[in-house]
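Structural overview
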Amino acid sequence: MTSVLYDAQGPRAKRRNVLFTVVFLVALAALLWWVYSTLKDKGQLEWALWKPFFTSGEPWSTYIWPGLQNTLKAAVLAVLIALPLGAVFGIARLSDHVWIRVPAAIVVEFFRAIPVLILMIFGLALFAEYTNVSSDDRPLYAVVTGLVLYNAAVLAEIVRAGILSLPKGQSEAGMAIGLRKGQMMRLILLPQAVTAMLPAIVSQLVVIVKDTALGGAILTFPELLSSANTMSGYYGANVIASFTVVAVIFIALNFALTSFASWLEQRLRRAKKSTGAVVGVDDLATGGTAGGGGGAT
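Residues numbered from 1 in each chain as written. Predicted model: local features only at pLDDT ≥ 70, side-chain atom pairs only at ≥ 80, totals over all residues. Heavy atoms only, no water.

**Focus: the packing of helix α4 (residues 98-113) against helix α6 (residues 138-164)**
- The N-to-C vectors of α4 and α6 enclose an angle of 125°; their axes lie 8 Å apart at closest approach. In terms of their interaxial angle, α4 and α6 are classed as oblique. The crossing of α4 and α6 is left-handed. Here α4 contributes Val108, Glu109, Phe111 and Arg112 to the contact with α6, which in turn contributes Leu149, Tyr150, Ala153, Val154, Ala156 and Glu157.
- Within the contact of α4 with α6, the residues separate by chemical class into seven nonpolar, no polar and three charged. (Axes fitted to C-alpha atoms, helices over the stretch in contact; angles between N-to-C directions. Helix = DSSP H or I, 4+ residues; strand = E, 2+ residues; numbered from the N terminus. Parallel < 35°, antiparallel > 145°, perpendicular 65-115°, else oblique. Left-handed = near helix turned anticlockwise from the far one by under 90°. Contact = heavy atoms within 4.5 Å. Nonpolar A, V, L, I, M, F, W, Y, C, P; charged D, E, K, R; others polar.)

**Considering the confidence of the model for the protein chain**
- Across the protein chain, the average pLDDT comes to 82, with 88% of residues at or above 70.
- Within the protein chain, helix α11 (residues 281-290) has the poorest average pLDDT of any element, 42, and α4 the best, 93.
- The low-confidence segment residues 275-297 (pLDDT under 50) makes five contacts with residues lying over four places distant or belonging to another chain. (pLDDT = per-residue confidence, 0-100.)

**Quick word on helix α2 (residues 47-55)**
- Buried residues of α2: Leu49, Trp50, Pro52 and Phe53, and no others. Seen along its axis, α2 keeps its buried residues to an arc of 140°; they face one direction. Residues of α2 that are exposed and point over 90 degrees away from its buried face: Trp47, Ala48, Phe54 and Thr55. (Buried < 20%, exposed > 50% of the residue type's maximum accessible area, 1.4 Å probe, protein only. Arc of directions from axis to C-beta.)

**Comments concerning the layout of surface pockets**
- If you add up the space inside the largest pocket, you get close to 240 Å³.
- Lining the largest pocket are 13 residues; nearest its centre among them are Ile163, Leu164, Lys168, Ser171 and Leu189.
- Secondary-structure elements contributing two or more residues to the lining of the largest pocket are α6, α7 (168-176) and α8 (181-218). (1 Å grid on protein atoms, 1.4 Å probe; cavity = no way out; pocket = protein on both sides within 12 Å on 5 of 7 lines; lining within 4 Å. Points joined across faces, edges and corners; volume = space filled by probe spheres on them.)

**Concerning the pattern of salt bridges**
- Tallied over the full model, the rule gives four salt bridges.
- Arg93 serves as the salt-bridge partner of Glu109, at 3.2 Å between the closest nitrogen and oxygen. Of this pair, Glu109 sits in helix α4 while Arg93 sits in the loop between α3 (58-92) and α4, and the two are 16 residues apart along the sequence.
- Close ionic contact of Arg112 with Glu109 constitutes a salt bridge, the shortest N to O distance being 3.0 Å. (Salt bridge = Lys/Arg side-chain N within 4 Å of Asp/Glu carboxyl O.)

**Quick word on the packing of aromatic side chains**
- Overall, the coordinates contain six aromatic pairs when judged by the stated rule.
- Note on Trp47 and Phe54: the rings are 5.9 Å apart at their centroids and 25° apart in plane angle, and the pair reads as stacked. Each member of the pair, Trp47 as well as Phe54, carries the same accessibility label: exposed.
- Ring geometry for Phe53 and Trp60: centres 6.5 Å apart, planes at 85°, overall edge-to-face.
- The class for Phe53 is buried, based on a relative accessible area of 6%.
- Classification of Trp60 by relative accessible area gives partly exposed; the value is 34%. (Phe/Tyr/Trp six-rings, centres within 6.5 Å; stacked < 30°, edge-to-face > 60°.)

This is the structure:
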């Protein structure tokens, strides 16, 4: 059976695919066995190294929870600032005025081209040299600054692409009823573009959460990943166990974020499909009577 996008496989292709599948599964099983054997030989699978995470609340209350709080604090602050800032620059890049469009494009392209780690390092030096921010708070300020500058530039491009993806008829309809460009952007284009932009925006939010780890690795910001280093040293060099627990937490956090975004996207799509007033027979009859003779017609 064939279709436009798919040709049915013949006997030879089926045998080849089965062979490739078997070879891949065997190679994967061999790799997993090698990883397991190596960890076992190094003593990283000993119960004593994993026991603190299952029998005591000390590693969670002393290391993991404070680190997770700092990670969420930096990520939430960066998101709250980067989202509106990115929307402003994304809309500014679509402006009809050159003196708005060109500077916005320069700012977006400049910060989008610089690695976020460099922005964090510059932010730390900036706060140390020109502000009165305490040394304890500087890593947080630097991490948020770097995340905001980089991700606002990326979000600006997402917003611009989302608006440009809409059919031109939407803009033409707004101009036909006399809306100014600002009104058209606020009332017609942005509400429709949000649904199209949502998957890309959520992907960038996941990047923000993960990039907070850069502050812990370089700027001594006490986030979740950096807490794993201290924790592994305290519990007898259980590096694999500590980083496995932290990885599972990151996976759960990002999975919850993407699941919420998927639910929100489906809800927005259903809401758009269900909008629009329905005129009933009674409404037509009432309107006809009020029109003076329309009811007789």
